[in-house]
Amino acid sequence: SSIVVRGARMAVVLGISSGPHDSAACLIRDGKLLRAAAEERFTRKKMDGRFPEASIAFCLESEGLTVDDVSVVAHGWRFGAASADVRRIAQRVAEERGLGVAKHLLYTAERFEEVDRNVEQRIYDGLARLGIPRARLRMYDHHLCHAAAALYFCPYPGATDPPAPGAQERACCVTLDGRGDFSAGKVVVVAATPAVALGGSSKAARQAPQPTEAPPEQLRTLDSTTMFDSVGFLWAFVTAALGFKPFRHEGKLTGLAARGDAKKTLPIFDSVMGLVQDEGADTQWQIRTKWHAEELSNFQLFLVGLEGSHQEQVTIQDFKLFKDLASHSKEDVAAGLQHFTERLMIDYMERNGFSRPLVCLSGGVFANVRLNMRFRTELSNVDHVFVYPSMGDGGLCVGAAALATREFGQVVAAPQGIVFLGPEFEAGEVRAAVEALQMRNPRSIAISEEVLDTSAFARAVASHLAAGRIVGLFWGAMEFGPRSLGHRCFISRKCSPSPSRIRLWCSEPVRSRSLLAPATDPAITELLNGRLRRSDFMPFAPVTLRAKAGEAYMGWRAEDLEAGRHMTMCYEVTPEMRSLCPAVVHVDGTARPQVVDERDGLYFQVLEAYFEESGVHTLINTSFNLHEDPVRKL
């Protein structure tokens, strides 16, 4: 039997993510994931880390609920639950490397504990403002929440099926980020018997409603990488060293990497991190950073100040790693880091035998599509690789809510999918916005036309694309996650110097917002980069018809569709694709596609109509928003 909460069977789980950055909320009702949104979509502050009050309001109001209907609030961070483990790690390091090294680890832990205490209090204060008792709060391990989101919402069957006695698991999930609950990554499988404590160990978690029975499956950790050995921190440091924003612009390095020579900087990265064989541990090969007694030889200490209440006095230019990299070009530094990370993670998986037929990936480092491609192409005995679309900390709310839902005996499902779960707009709201814009600036809209039939609307949009115009497509529910997936994007084929300003709208609920552009003219990338204030070395992503994906991407299989719908995987393009659609092919001959079929509704209809008119199966798809300026729900 399931637990009874306030006289009714537990049915409503409010998942929240609220850490140093990337706050979000989701709603699971009767086991069904119905809503999810990031706080930045309401505040217009990129990766906003405040208590997700606006996201919570959206999730509840859109389903006709109030805070009184919430049975449990599930949070993807346990705050301090692993502090004893940190002390044990510091003691081990002190024995191996001396107290001079151990003191840096303890200092790092203390500073991050301070940050976490502030965030924890912010959550308590936020719940109090909403009138939600602290006793309803349950906290879950950060990396298990990353894993739960990927495993429970994996589109491939069997991801959460416990193995038969003596058999190996069908799936594993690898998580990797900067830090969370003192870890920087985990390898997680589904076990047939309980293997982790239910809920969190904080006082609030212990007071939360407790389940009467455990689910038949449970997540089990095969290995955990500590935050002192964080691949995500290494990327953050190098991002800052190259003049970009750490914990935000790491993707720029992946774009730059294709233009550099990895061999020139690879030895530098080998000198700071690598695999270490530890025969006394359950996992023989572990990711380890090479810490030193000299403070400025430890790049992690620069990052400590970035999350704290006050900045460190030491600047990044004083650190040894910065000085080692300073004589090299940005391109060569990025290439070395990219190659180093790919090799490190593949070796880590292979040497430890972690590969499973189905590999799920989650955590901010797996926004790196080149790394994801290596998991797909180089791991042995792997049939499928799935990357959870909201791989960053915003997705923690979904994993936490899934864990809470399973604890109370309900099956987790996503009847509306796992991406298009955000705010939406009725046609009347869009009509009013267009009219208001035209009143403020009559020249902003040259032609305004309302279309009642979606098929006719799709053909009209396709005609504008075939004529060389950039089209903003605004329909469907707003995406949950960092990618523009046809609901908030530009699409285009090629662009005339002065495209006509045309606005069409369809009398259907409007939720998505995308810019579409022709992919046949490479010159269009310069125009779009200028208008959107993007870096010129960042590639644009293609959207391609499912029926034609095999003609565009090398090694494409029909079963790749489920993992290829969310722009999370890189593919090498075919010679035909490079010739037909050069605007979406990166300098290394790869692309990060979104492959669509009938399930993608109007977006698919537009591309299909464009193919019928032009014979081209692919368009550029990019987001409405300017760089660093999130699409916002007004």
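All of these numbers come straight from a predicted model, not from anything done at the bench. (Residues numbered from 1 in each chain as written. Predicted model: local features only at pLDDT ≥ 70, side-chain atom pairs only at ≥ 80, totals over all residues. Heavy atoms only, no water.)

Could you clarify how one ought to interpret the overall build of the protein chain in this entry?
Helix and strand counts for the protein chain come out as 20 helices and 24 strands. A buried classification covers 59% of the 634 residues belonging to the protein chain. Sequence-distant contacts, at least 24 apart, represent 79% of the contacts inside the protein chain between residues at least 6 apart. Looking at the protein chain as shown, the accessible area adds up to about 24200 Å², and 49% of this sits on carbon and sulfur atoms. (Helix = DSSP H or I, 4+ residues; strand = E, 2+ residues; numbered from the N terminus. Buried < 20%, exposed > 50% of the residue type's maximum accessible area, 1.4 Å probe, protein only. Contact = heavy atoms within 4.5 Å. Areas by Shrake-Rupley, 256 points an atom, 1.4 Å probe, with all protein chains shown as cover.)

Help me out: how do you make sense of the packing of helix 7 (residues 231-241) against helix 12 (residues 330-352) in this one?
In a pair of packed helices, the angle between the axes and the distance between the axes together describe the arrangement. In contact at an axis separation of 11 Å, helix 7 and helix 12 are set at 175° when each is read in the N-to-C sense. The orientation of helix 7 relative to helix 12 falls into the category roughly antiparallel. Touching V231, L234, W235 and V238 of helix 7 are V333, L337, Q338, F340, T341 and L344, all from helix 12. Of the residues contributing to the contact of helix 7 with helix 12, the split by class is 8 nonpolar, 2 polar and no charged. (Axes fitted to C-alpha atoms, helices over the stretch in contact; angles between N-to-C directions. Parallel < 35°, antiparallel > 145°, perpendicular 65-115°, else oblique. Nonpolar A, V, L, I, M, F, W, Y, C, P; charged D, E, K, R; others polar.)

Help me understand the sheet that holds strand 8 (residues 171-180), please; the structure alone is not making it clear to me.
Within a sheet, adjacent strands bond to each other through the backbone by hydrogen bonds, running parallel or antiparallel. In space, the 5 strands of this open sheet follow the order 10-9-8-13-14, with mixed pairing throughout. Each having just a single partner strand, strand 10 (218-226) and strand 14 (384-387) make up the two edges of the open sheet. Looking at each pair of strands side by side, their axes are set apart by 20° on average, direction ignored. One ladder, built from 6 bridges, connects strand 8 with strand 9 (residues 183-191); its direction is antiparallel. Pairing of L176 across the sheet is with G185, part of strand 9. (Pairing = 2+ DSSP bridges.)

Is there a simple way to think about the side chain of T265 in this case?
When you line up the elements, T265 lands in the loop between helix 8 (250-257) and helix 9 (266-270). Polar contacts involving the side chain of T265 include one to the main-chain amide nitrogen of G336, which spans 3.5 Å. Apart from residues no more than four positions distant in its own chain, T265 is found in contact with H328, D332, V333 and G336. (Polar contact = N/O pair within 3.5 Å; in protein donor to acceptor, adjacent residues only side chain to side chain.)

Looking at this structure, how should I read the pattern of salt bridges?
One side chain can pair with another of opposite charge once the charged atoms of both are near each other. Taken as a whole and assessed by the stated rule, the structure comprises 26 salt bridges. The partner of K264 in a salt bridge is D332, with the nearest N and O atoms 3.7 Å apart. With a gap of 68 residues between them, K264 in the loop between helix 8 and helix 9 and D332 in helix 12 connect regions that are remote in the sequence. One salt bridge connects R370 with D588, and the closest N-O pair in it is separated by 2.9 Å. Residue R370 is found in helix 13 (residues 369-378), and its partner D588 is found in the loop between helix 19 (575-580) and strand 22 (590-591); the two are separated by 218 residues along the sequence. Residue classification places R370 among the buried residues on the basis of a relative accessible area of 15%. (Salt bridge = Lys/Arg side-chain N within 4 Å of Asp/Glu carboxyl O.)

I'm lost on the packing of helix 12 against helix 13 in this one. Help?
Contact geometry for helix 12 and helix 13: axes closest at 10 Å, N-to-C directions at 35°. When you trace helix 12 past helix 13, the crossing you get is right-handed. The segment helix 12 lies against helix 13, with Q338, T341, E342, M345, I346, M349 and E350 engaging R370, L371, R374, F375 and E378. When the residues that make up the contact of helix 12 with helix 13 are grouped by side-chain class, the tally is 5 nonpolar, 2 polar and 5 charged. (Left-handed = near helix turned anticlockwise from the far one by under 90°.)

Help me understand the confidence of the model for the protein chain, please; the structure alone is not making it clear to me.
In this model, the protein chain carries an average pLDDT of 84, and 83% of its residues clear a pLDDT of 70 or more. In this model, residues 195-212 is a region of pLDDT below 50 whose contacts with residues beyond four sequence positions or in other chains number 56 contacts. Across residues 493-512 the pLDDT falls below 50, and counting only partners more than four positions away or on other chains, this stretch makes 93 contacts in the model. (pLDDT = per-residue confidence, 0-100.)

Is there a simple way to explain the nonpolar core in this structure?
Generally speaking, a soluble globular protein has its nonpolar side chains buried in company with each other. Within the largest apolar cluster, 117 residues are counted, with the highest numbers of intra-cluster contacts made by L234, F237, V238 and F375. For this core, the leading source of residues is helix 12, giving 10 residues. Those residues within four positions of V238 in sequence are excluded, and the remaining contacts are L253, F269, L325, V333 and L337. Judged by nonpolar contacts, the second largest core, of 49 residues, contains A148, V190, C360 and A563. (Core = buried A, V, L, I, M, F, W, Y, C linked by side-chain atoms within 4.5 Å.)

Quick question: what am I supposed to make of the pairing of strand 8 here?
Burial of strand 8 is extensive: 10 of the 10 residues sit out of reach of the surface. Pairing geometry for strand 8 and strand 13 (residues 358-362), over 5 bridges, is parallel. Across the sheet, V174 pairs through a bridge with L361, a residue of strand 13. Linkage of strand 8 to strand 9, two consecutive antiparallel strands, is achieved through a turn of 2 residues, within which D181 is found at a positive phi near 50°.

Even after reading the chapter, I still don't get the environment of G417, so can you show me in this structure?
Inspection of the secondary structure assignment puts G417 in the loop between helix 14 (396-407) and helix 15 (427-440). Taking the relative accessible area as the measure of exposure, G417 reaches 28% and is therefore partly exposed. On a C-alpha basis, the gap between G417 and L33 in space is 8.2 Å, while along the polypeptide they are 384 residues apart.

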